[in-house]
Amino acid sequence: MAIRAEHEIHTRRKGRNVGVGLMLAAFVVLVLAITFAKVTSDDFEVPSTSELVN
Amino acid sequence: MADIGYSATSKEHDAQLGDYFALLKPRVMSLVVFTALVGLLAAPVTVHPVIAFASILFVAIGAGASGALNMWWDADIDGVMRRTSKRPIPSGRVQPGEALNLGMGLSFLSVMMLAVTANLLAAGLLAFTIFFYAVIYSMWLKRSTPQNIVIGGAAGAFPPVIGWVIATGSFSVEAWLMFALIFMWTPPHFWALALFMKSDYDDAGVPMLTVTHGRKSTRVHIIVYTVLLAVLAVGTGFTAIGGPLYLTTAVVLNALFLKGALHIWRRDEQSALADDYAVEKKFFRLSLWYLFAHFGVILAEAALRPFGFGGW
């Protein structure tokens, strides 16, 4: 039997799924903000190419 | 076969997002956020707002994770106690395995992310706090010794130290004073609750002091710890995190707290039953304000410092 596009379980779990989705999106934004804050801080040093090679 | 093997019986196990959030003990989390934030802001190092926000968020998630692990382990006694019987696991809204997975997952996530965002020491301290609350307190002490609250209180006392370490990357006397403040506050706070929750802990077989040593002894313990707490709390006023505002608040609040503890000590069960534990309930409510106000004025002293007012 084919899986129906919409089932009662989908409707019931919609709120939960939307919530998880929003949290994941917020997490991505947060990691991006942390990265910006870290790389723009005064004590941030970009590793030199020679260090990366060695 | 029906769609994706879904059966009607799984309906009762369909937890909503709010049920998972309840597993994280939001009220405990709010206290953790507040005290960790005070620790972070009272430290003599300025932290980038984004780093501060993210770090406190990960500490809160770590605290929530330990709450979920606690609820997973304690589901049997939570179901017996009136105060906790409506929690997600005993009420059947969340499966024990889900709470365990959520707790473990969020523990790893919070510790790893705090290491990346702040420093390794803060992350290590958060990992130790989660371990202390979930394993040392929940799995071991809670069901084996009447000193469960005393030693277990350390778990709740770590957040301001973590906050301080996020900012400075090291420990200091001031951070441990904030630790000691919560550590000494926890026993009288919970023993007052145990006095008026009456049979809850007896029914669950948790060896609270009220169960193992009786109510009279619990009343004596409350006054002893309150006296020690008052000395510590007022003494903190003369350190680097204190100041005139802190000292004034501490003197007033500790006088009120001591008065309440004295009242509890002098009472017997007959008079407590007669007014439905009014004094114990009042002391419990005051204890919440007590902690909030002490950390609030530590924060105020730190906030006033740049303007030349805070501290000594």
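(A) Highlighting the overall build of chain B. Looking only at helices and strands, chain B has 14 helices and zero strands in total. Element order for chain B, N to C, with α for helix and β for strand: α-α-α-α-α-α-α-α-α-α-α-α-α-α. For chain B, the C-alpha radius of gyration of 21 Å lies close to 20 Å, the compact-globule estimate for 312 residues. Dimensions along the principal axes, computed over C-alpha positions, put chain B at roughly 75 × 55 × 25 Å. The buried share of chain B, taken over its 312 residues, is 54%. The contacts in chain B between residues at least 6 apart in sequence include a share of 74% that link residues at least 24 apart. Only carbon and sulfur atoms are counted for the fraction: they give 72% of the accessible area of chain B, which is about 13,500 Å². Taking the average place of the 21 positive charges on the side chains of chain B and the average place of its 18 negative ones, the gap between the two points comes to 8 Å.

(B) Structural view of the packing of helix H1 (residues 8-39) of chain A against helix H3 (residues 49-73) of chain B. With their axes 9 Å apart at the nearest point, H1 of chain A and H3 of chain B run at an angle of 135 degrees to one another. Between H1 of chain A and H3 of chain B, the crossing angle belongs to the class labelled oblique. In this structure, the crossing between H1 of chain A and H3 of chain B has a hand that is left-handed. Contacts between H1 of chain A and H3 of chain B involve Phe27, Leu30, Ala33, Ile34, Ala37 and Lys38 of chain A from the former and Val50, Ile51, Phe53, Ala54, Leu57 and Phe58 of chain B from the latter. Here the residues of the contact of H1 of chain A with H3 of chain B are counted per class, giving 11 nonpolar, no polar and one charged.

(C) Up close: the layout of surface pockets. Looking at the second largest pocket, its volume works out to about 790 Å³. If you go around the second largest pocket, you meet 21 residues; those closest to its centre are Met23 of chain A together with Leu24, Ile61, Leu102 and Leu106 of chain B. At the level of elements, H1 of chain A together with helix H1 (17-23), H3 and helix H5 (96-117) of chain B are the ones that each hand at least two residues to the lining of the second largest pocket. The leading source of residues in the lining of the second largest pocket is H1 of chain A, at eight residues. By residue class, the composition of the lining of the second largest pocket is 18 nonpolar, one polar and two charged.

Reading the values: the criteria
- Residues numbered from 1 in each chain as written.
- Chains lettered and ligands numbered in written order.
- Predicted model: local features only at pLDDT ≥ 70, side-chain atom pairs only at ≥ 80, totals over all residues.
- Heavy atoms only, no water.
- Helix = DSSP H or I, 4+ residues; strand = E, 2+ residues; numbered from the N terminus.
- Rg over C-alpha atoms; globule rule 2.2 N^0.38 Å.
- Buried < 20%, exposed > 50% of the residue type's maximum accessible area, 1.4 Å probe, protein only.
- Contact = heavy atoms within 4.5 Å.
- Areas by Shrake-Rupley, 256 points an atom, 1.4 Å probe, with all protein chains shown as cover.
- Lys, Arg positive; Asp, Glu negative; His and termini not counted.
- Charge placed at Lys NZ, Arg CZ, Asp CG, Glu CD.
- Axes fitted to C-alpha atoms, helices over the stretch in contact; angles between N-to-C directions.
- Parallel < 35°, antiparallel > 145°, perpendicular 65-115°, else oblique.
- Left-handed = near helix turned anticlockwise from the far one by under 90°.
- Nonpolar A, V, L, I, M, F, W, Y, C, P; charged D, E, K, R; others polar.
- 1 Å grid on protein atoms, 1.4 Å probe; cavity = no way out; pocket = protein on both sides within 12 Å on 5 of 7 lines; lining within 4 Å.
- Points joined across faces, edges and corners; volume = space filled by probe spheres on them.

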